[in-house]
Amino acid sequence: MLNVNQTLIDTYRILSIDKSSSDYMIYSAENIKTNSKCSVRQIYSKNIERYQQIFDILKTITNDNFQKSLDFFTLNDCIYIIQESIDGKYIDEIINNDKTDTLNIGSILKWTLELTLCIEYLHKLNVHHNLDFQNLIIKNNRLILSNLDINLDDISQLQADLNFIGKFLELLYNKLENKNMTLIDNIIDGCKSNSYTDYNALIQDINVAITQQKKINSTSFIVKLCMIVLFLTLAVVMSNLALKINSIFLIISIIFVFIGILLLTSLDTNLLFYNHKKASKKNKYQFEVIKNITIINTNDVI
């Protein structure tokens, strides 16, 4: 076990212990050369060649929703893999949180698409894993697969991962008070009943649901924006009347301003500027760039 403030290869200073097990430790650290935070994975194994090969695969994964691997070295009979630091909120915290005021259909659909695209991308590389809600982090409204137990064994996990995606969507969707999209219910049922035979059909259905929600959000956005303009205009009119006639109009103008501010804070712009079709195409492009890399088979898990 490493100590806090201990420095590795004159570069990585340990800040805290994040996770421990019999096979590895995970630490928060700082790259003192770049003044940037990172995650240090200390692995208790002497199979250096195998883990070097695994790292060579991990460092090529450029998906925006997958934790990046940055460096590899050995020290004192341990193997170290340096990964990007991710400061965000874990999905299981969001699910277990009673407050749902920051959760909306737009965010849930966006995260579900990002999760599905990332899993599809990894499977095309024959990179498999054990999904867990504790490994999913939301950072700046972007879902990131973090600290995964990864193996490169050539075993299909399609149905298991589709079930996980369905459970992911169901748990978040059930947190909402207003559940009015039949398509989401159909997606959940399709994942749980193994109706999907590949990721393409699921991705298509999620994209359709996002398109529908974007139309709803756009209409709501325009209506609320018009109401904001109306109330702020009335507030200005009432302010002028207060100066000329009676101070009671000043109170009314303040009320109108308050209503306008409430409407402004309720605007849902989550999906208005999210290009879900471009995200799907980008995922395919990222795979095309590295699909020629030789993938090894291994039962090692990191």
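Here is a short report on the structure shown in this document. Everything quoted here is computed from the prediction, not taken from an experiment. (Residues numbered from 1 in each chain as written. Predicted model: local features only at pLDDT ≥ 70, side-chain atom pairs only at ≥ 80, totals over all residues. Heavy atoms only, no water.)

**Regarding the sheet that holds strand 2 (residues 12-20)**
Spatial strand order, 1-2-3-4-6-5: six strands in an open sheet with antiparallel pairing. Looking along the sheet, the strands with just one partner apiece sit at the ends: strand 1 (7-8) and strand 5 (69-75). In terms of strand pairing, strand 1 meets strand 2 through two bridges, oriented antiparallel. Across the sheet, the residue bridging to L8 is Y12, located in strand 2. Contacting strand 4 (36-43), strand 5 and strand 6 (78-84), helix 1 (residues 48-58) runs over the sheet at an angle of about 170° to strand 5. (Pairing = 2+ DSSP bridges. Helix = DSSP H or I, 4+ residues; strand = E, 2+ residues; numbered from the N terminus. Contact = heavy atoms within 4.5 Å. Axes fitted to C-alpha atoms, helices over the stretch in contact; angles between N-to-C directions.)

**Focus on unusual backbone geometry**
Even without a glycine there, the phi angle at D10 is positive, about 55°. Residue position: D10 is located in the loop between strand 1 and strand 2.

**Concerning the packing of helix 4 (residues 158-173) against helix 5 (residues 182-192)**
For the pair helix 4 and helix 5, interaxial distance at closest approach is 7 Å and the crossing angle is 145°. In terms of crossing hand, the pair formed by helix 4 and helix 5 is left-handed. Of the residues in helix 5, those in contact with L162, N163, G166, L169, E170 and Y173 of helix 4 are I184, D185, I187, I188, C191 and K192. The residue makeup of the contact of helix 4 with helix 5, split by class, is seven nonpolar, two polar and three charged. (Left-handed = near helix turned anticlockwise from the far one by under 90°. Nonpolar A, V, L, I, M, F, W, Y, C, P; charged D, E, K, R; others polar.)

**A closer look at helix 5**
Those residues of helix 5 not exposed but buried are L183, I184, I187, I188, G190 and C191. Seen from one end, helix 5 has its buried residues packed into an arc of 165°, which puts them on one side. After helix 5 finishes, the residue N194 shows a positive phi value of roughly 60°. (Buried < 20%, exposed > 50% of the residue type's maximum accessible area, 1.4 Å probe, protein only. Arc of directions from axis to C-beta.)

**Observations regarding the pattern of salt bridges**
It is possible for side chains of opposite charge to pair when their charged atoms get near one another. What the rule picks out here adds up to five salt bridges. A salt bridge links E114 to K110; the nearest nitrogen and oxygen atoms lie 2.6 Å apart. Of the two residues, E114 and K110 both sit in helix 3 (residues 105-124), four residues apart, roughly one turn of that helix. Its salt-bridge partner being K192, residue E170 comes within 3.3 Å of it at the nearest N-O pair. Here K192 lies in helix 5 and E170 lies in helix 4, a separation of 22 residues in the sequence. Taking relative accessible area as the criterion, K192 reaches 46% and is therefore assigned partly exposed. (Salt bridge = Lys/Arg side-chain N within 4 Å of Asp/Glu carboxyl O.)

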